[in-house]
Amino acid sequence: YSPDGRRISLNTNESPDLRNMDGYVMNADGTGMRRVLHVQEGSRESVGHWHPDGTHLTAASDAAGHGRAGLLDLTSGEVKWFTPEGGPEETPGRISPDGQWLSVTRNADSTLTPLLYSLDTAAPRALHLPPGLCSGTQYALGQQLLVGHSTTTTRADVLLYDLTTDTTGTLIPAEYGSLNPGQF
């Protein structure tokens, strides 16, 4: 739902090409559905999370041959792509509550890495996380992110990443029950 609760973003295919997917917005009562994101026939586009101002949505497309993350301006219909063409595969996450950052998951060299893009400058910001698999980035209180983290020898912890200090702490440690983690 949009921040004011009046609109819904959704993704569907109204084309005979089963590979196709486009992004839509409609009123919360189900009326007024309109396509807002279509790059090319046969590609998979999607809209996701709303900017706090209610006039932008996260956008994704594979029309360039790989997943790209962007921000769709619902007023102009223009997309500001953050992932460069020919760049690594990226999937958009959420927009920060202050509307300054877009979280994405980058898939490069068989490694999933969360990072942020400035919505103003499009500059990427790397997160200083411990080695391992990081996933599920969500914004928490103020300038903090929740990040799922595991390694080849550990179960998943939930980390709390502080954006103001670039520090990480374990918020919820992995549970092993009767298992000995040293056996991993």
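Structure shown above.
This structure is a prediction, so every number in the text was calculated from the model and none was measured.

**Let's talk about the overall build of the chain**
Move 1: Secondary structure assignment for the chain yields 0 helices and 15 strands.
Move 2: The principal-axis extents of the C-alpha atoms in the chain amount to approximately 55 × 35 × 35 Å.
Move 3: A burial count over the chain gives 38% of its 184 residues as buried.
Move 4: Within the chain, contacts between residues at least 6 apart in sequence are counted, and of these 27% link residues at least 24 apart.

**Things to note about the side chain of serine 15**
Move 1: Along the chain, the position of serine 15 falls in the loop between strand 1 (7–12) and strand 2 (22–27).
Move 2: The class for serine 15 is buried, based on a relative accessible area of 15%.
Move 3: Among the polar contacts listed, one links the side chain of serine 15 to the backbone nitrogen of aspartate 17, at a separation of 3.0 Å.
Move 4: What serine 15 contacts, discounting residues up to four positions off in sequence, is Asn20 and Glu41.

**Considerations on the packing of aromatic side chains**
When we look at a pair of aromatic rings, we describe it by the centre distance and by the angle of the planes.
Move 1: Taken as a whole, this structure holds 1 aromatic pair when the rule is applied.
Move 2: Over the ring of tryptophan 101 we find arginine 125; its NZ or CZ atom is 5.4 Å from the centre of that ring.

**Comments concerning unusual backbone geometry**
A negative phi angle characterises most non-glycine residues, just as the trans form characterises most peptide bonds.
Move 1: Here alanine 122, not a glycine, exhibits a phi torsion of approximately 70°, which is positive.
Move 2: The backbone phi angle of aspartate 166 is positive, close to 55°, even though this residue is not glycine.
Move 3: Tracing the backbone through its elements, the reader meets aspartate 166 in the loop between strand 14 (154–162) and strand 15 (167–172).
Move 4: Under the relative-accessibility criterion, aspartate 166 is labelled partly exposed at 28%.

**Considering the sheet that holds strand 3 (residues 34–37)**
Move 1: The strand order across the open sheet formed by 3 strands is 1-2-3, and the pairing between neighbours is antiparallel. The open sheet is flanked by strand 1 and strand 3, the only strands paired with a single partner. Within the sheet, the average angular offset between the axes of one strand and its neighbour, ignoring direction, is 40°.
Move 2: Pairing of strand 1 with strand 2 involves 6 bridges; the strand directions are antiparallel.

**Describing the environment of valine 79**
Move 1: Locating valine 79 in the fold gives a position in strand 7 (residues 79–81).
Move 2: Spatially, the C-alpha atom of valine 79 lies 48 Å from that of glutamine 183, the residues being 104 residues apart in sequence.
Move 3: Contact partners of valine 79, with chain neighbours within four places excluded, come to Leu37, Ala59, Gly70, Leu71 and Leu72.

**Re the nonpolar core**
Move 1: Counting 11 residues, the largest nonpolar core is built from Trp101, Leu116, Leu127, Leu129, Cys134, Tyr139, Leu145, Val147, Leu159, Tyr161 and Leu163.
Move 2: Looking at this core, the elements with two or more residues in it are strand 12 (133–139), strand 13 (144–151) and strand 14.
Move 3: Apart from residues no more than four positions distant in its own chain, leucine 127 is found in contact with Pro114, Leu115, Leu116, Leu145, Tyr161 and Leu163.

**A closer look at the pairing of strand 5 (residues 56–61)**
Across a regular strand the side chains alternate sides, sitting on one face of the sheet and then on the other.
Move 1: Burial runs high along strand 5: 6 of the 6 residues are buried.
Move 2: Note: strand 4 (residues 45–50) against strand 5, 4 bridges, orientation antiparallel. In the strand pairing of strand 5, serine 46 is matched with alanine 60.
Move 3: Counted along the chain from strand 4 to the antiparallel partner strand 5, the turn is 5 residues long, and its residue glycine 54 has a positive phi close to 75°.
Move 4: Across 6 bridges, the pairing between strand 5 and strand 6 (residues 68–73) is antiparallel. Within the sheet, the bridge partner assigned to histidine 56 lies in strand 6 and is aspartate 73.
Move 5: Here strand 5 hands over to strand 6 after 6 residues, with glycine 65 in that stretch at a positive phi of 95°.

Basis of the calculations
- Residues numbered from 1 in each chain as written.
- Predicted model: local features only at pLDDT ≥ 70, side-chain atom pairs only at ≥ 80, totals over all residues.
- Heavy atoms only, no water.
- Helix = DSSP H or I, 4+ residues; strand = E, 2+ residues; numbered from the N terminus.
- Buried < 20%, exposed > 50% of the residue type's maximum accessible area, 1.4 Å probe, protein only.
- Contact = heavy atoms within 4.5 Å.
- Polar contact = N/O pair within 3.5 Å; in protein donor to acceptor, adjacent residues only side chain to side chain.
- Phe/Tyr/Trp six-rings, centres within 6.5 Å; stacked < 30°, edge-to-face > 60°.
- Lys NZ or Arg CZ within 6 Å of the ring centre and 35° of its normal.
- Pairing = 2+ DSSP bridges.
- Axes fitted to C-alpha atoms, helices over the stretch in contact; angles between N-to-C directions.
- Core = buried A, V, L, I, M, F, W, Y, C linked by side-chain atoms within 4.5 Å.

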